[in-house]
Amino acid sequence: MKAKKGAISVMMGNVVAANAARLCRPEVVSLYPITPQSEVAETMSGFVSDGSLNAEIVEVEGENSAMNVCRAASLAGARTFTATSSYGLVYMYDTILETAGFRAPVVMVNVNRETPGIHAVSSGQQDMISTRDAGWIQIIVENNQEIADQIVMAYRLAEDYDIQLPIMVNYDGYYLSYLNEEVEIPLQEDVDAFLAPLKDQPKRPRIIPGKATGAGTHGMEMGYVEARYKHWAAMDRVKNKVDEIDKAFGDYFGRSYGGQIEEYKMADADIAILASGSAAGTAKEVVDAKRAEGIKVGLVKLRLFRPFPEERLVQALKGKKAIGVIDRSVCFGWKAGPMAVELKSLANKLGTMPILSFIDGLANLDINVPHINRVVDEVNGAAKGKPYQEVTWIPLE
Amino acid sequence: MVIKYKFQMQTEAPWSDANQKMLALDTGGWRTERPILDKALCNYCGLCSIYCPVQCMKDKGDHYEVDLTWCKGCGICAHECPKKALAMKPEGDFTNEG
């Protein structure tokens, strides 16, 4: 069975996210507006007021309450949706941890923005990186179509009985949030059909009014160890499930994204670039141009950041002569960006190739074609035995 | 990876309906002292059992015996015993964990 062709519209990323969330029929929506996410909040409220979404909007005074509302509603069995960014994400940090720990399958859009520390109202992935150990599934998408499709896939993943975890769908603030792109919005009946298999699964526990519930009593001694282990093991199961759901989505809607990672011209590549988000789109252009010059370069687009796609990355990158990792955030305390640090933890399985870390695109500075050209040239040099730097701050050097 | 441990919680999430088995903490592990009974002094009044916060004094017919799996070593039983039949002794004096 195939989905029918949806309507083609030109929409900014935030409006796309709201439309995709609407199609998944969340029952409780609680979000607090913040730049560069505000249109998600505005559009969701609009859908409820014009009757196109039958959901309860809980108006809150801040993001901490928004996440508490979503977690509570989720534990009561509701499908929930929220969205945030940057300061909002860190303002809900304690309850992000609780939501993951309680295994509430909340779906949240996080529009990537630089974080507190320096008052940066600009794009960057530091916000999601700062919550990478919260126990959430974290996925990064590249363009507006992928925002729509990934949000639909996110519900199928988060609410899967074998998973039961919250998921953060990340896209670049400013670059995608305010970018108007052509997008095919799936039909309601097709999204319903794609999410229908969830109804055939066993029901997860939920709070039932009038019945006693034990919550918060399980977190001591071996109870804590049990819960942490189950959560950790579920995170490991997420990896294959992401691939399965991506394939099912592709079979039905005709669009798929590679699951945990997208490999672009990797099969015969000598050297590889690892990038994520909208920068991966630019990197594909560079890969094509560099291949025309005779450099056999490929791209791995990291889609799943938590859990980290260890097996797929080893499969894709093993035996390459050198790898360059482009990070849109900073890892304090390591001489590499966060994704480069994580990739390096696979070094014993990847081989002995140089892994070069590049930090670029902080605070709305573009990760543009000349920058990625330079990444490819330096990685290519390292592959040929030239001396190289472990980490390069591209805008500074 | 082989997990030998037998999980106590039946649900995937760390919370459940209260009619399901909840986690029981092995509170005996918290103990630094344990109550030792001098049977000659005990008059089987049962006050130690009534006052015990974790209710771990077992009725043995002519005296009460502490269940060391749960006894936290708080000493309330010894404090309340009108006959001073119970005395708290440091755990270091014993080789068994009870």
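To keep things clear, this report deals only with the structure shown in the data block. (Residues numbered from 1 in each chain as written. Chains lettered and ligands numbered in written order. Predicted model: local features only at pLDDT ≥ 70, side-chain atom pairs only at ≥ 80, totals over all residues.)

This part is about the overall build of chain B. Helices and strands together make up the secondary structure of chain B, namely 2 helices and 5 strands. Reading the secondary structure of chain B in the N-to-C direction produces β-β-α-β-β-α-β. For a compact globule of 98 residues, the expected C-alpha radius of gyration is about 13 Å, and chain B comes in at 17 Å, more than 25% above that figure. Dimensions of chain B along its principal axes, counting C-alpha atoms only, are 50 × 30 × 20 Å. Counting all 98 residues of chain B, 22% fall into the buried class. (Helix = DSSP H or I, 4+ residues; strand = E, 2+ residues; numbered from the N terminus. Rg over C-alpha atoms; globule rule 2.2 N^0.38 Å. Buried ≥ 20, exposed ≤ 12 C-beta atoms within 10 Å, placed from the backbone.)

Looking only at helices and strands, one finds 14 helices and 16 strands in chain A. Computed over C-alpha atoms, the radius of gyration of chain A comes to 21 Å, within 12% of the 21 Å expected from 2.2 N^0.38 for 397 residues, which places it in the range of a compact globule. By principal-axis analysis of the C-alpha atoms, chain A measures approximately 70 × 55 × 45 Å. Burial status across chain A gives 52% buried among its 397 residues. Here the analysis covers contacts within chain A between residues at least 6 apart in sequence; of these, 79% occur between residues at least 24 apart. (Contact = placed C-beta atoms within 7 Å.)

Within helix H5 (residues 93-101) of chain A, burial applies to Thr 95, Ile 96, Thr 99, Ala 100 and Gly 101 of chain A. Looking one or two residues past H5 of chain A, Arg 103 of chain A carries a phi angle of roughly 60°, positive in sign.

Moving on to the nonpolar core. Formed by 120 residues in total, the largest nonpolar core has its most connected members in Ala 17, Ala 20, Ile 151, Ile 167, Ile 273, Leu 274 and Val 379 of chain A. Among the elements that make up this core, the one with the highest residue count is helix H7 (residues 144-158) of chain A (9 residues). Residue assignment places this core across two domains, with domain 1 (7-253) and domain 2 (263-396) of chain A each supplying three or more. Every residue in contact with Ala 17 of chain A, bar those within four places of it in the chain, is listed here: Val 40, Ala 83, Val 109, Ile 147 and Ile 151 of chain A. Counting 13 residues, the second-largest nonpolar core is a separate cluster that includes Leu 37, Cys 52, Cys 77 and Cys 81 of chain B. (Core = buried A, V, L, I, M, F, W, Y, C linked by C-beta atoms within 7 Å. Domains from an automatic or database assignment.)

Residue and element names in this part refer to chain A. Ordered by their spatial adjacency, 6 strands build an open sheet running S10-S12-S11-S14-S15-S16, and the pairing between neighbours is mixed. Sheet topology places strand S10 (261-264) and strand S16 (391-393) at the edges, where each strand pairs with a single neighbour. Averaged over all neighbouring strand pairs, the angle between strand axes comes to 20°, with direction disregarded. With 5 bridges connecting them, strand S14 (residues 322-327) and strand S15 (residues 355-359) associate as parallel partners. In the sheet register, Ile 323 faces S15, and the bridge partner there is Ile 355. Where helix H10 (residues 278-292) meets the sheet, its contacts fall on S10, strand S11 (271-275), strand S12 (297-302) and S14, and the angle it forms with S12 comes to roughly 170°. Sheet contacts for helix H14 (residues 369-383): S11, S12, S14 and S15; angle to S14, the most-contacted strand, approximately 150°. (Pairing = 2+ DSSP bridges. Axes fitted to C-alpha atoms, helices over the stretch in contact; angles between N-to-C directions.)

For the rest of this paragraph, the subject is the pairing of strand S6 (residues 137-140) of chain A. For a regular strand, side chains alternate in direction, first toward one face of the sheet and then toward the other. Residue and element names in this part refer to chain A. Of the two faces of S6, the one holding Ile 137 and Ile 139 and the one holding Gln 138 and Ile 140 are both buried throughout. Where S6 meets strand S7 (residues 167-172), 4 bridges bridge the pair, whose relative direction is parallel. Among the inter-strand pairings, Ile 139 is bridged to a residue of S7, identified as Val 169. Handedness of the crossover joining S6 and S7 through H7 is recorded here as right-handed. Note: S6 against strand S13 (residues 304-306), 2 bridges, orientation antiparallel. Across the sheet, residue Gln 138 finds its bridge partner in S13, namely Arg 306. (Right-handed = clockwise from strand over helix to strand, strands pointing away.)

Going from Thr 35 of chain A to Pro 36 of chain A, the amide bond is cis rather than trans, its omega being 5°. Tracing the chain through its elements places Pro 36 of chain A in the loop between strand S2 (28-29) and helix H2 (38-49). A cis amide bond, omega -10°, links Arg 306 of chain A with the succeeding residue Pro 307 of chain A. Within the secondary structure, Pro 307 of chain A sits in the loop between S13 and helix H11 (310-317). The backbone phi angle of Tyr 44 of chain B is positive, close to 60°, even though this residue is not glycine. Along the chain, the position of Tyr 44 of chain B falls in the loop between strand S2 (33-37) and helix H1 (47-51). Taking the number of C-beta atoms within 10 Å as the measure of exposure, Tyr 44 of chain B has 13 and is therefore partly exposed.

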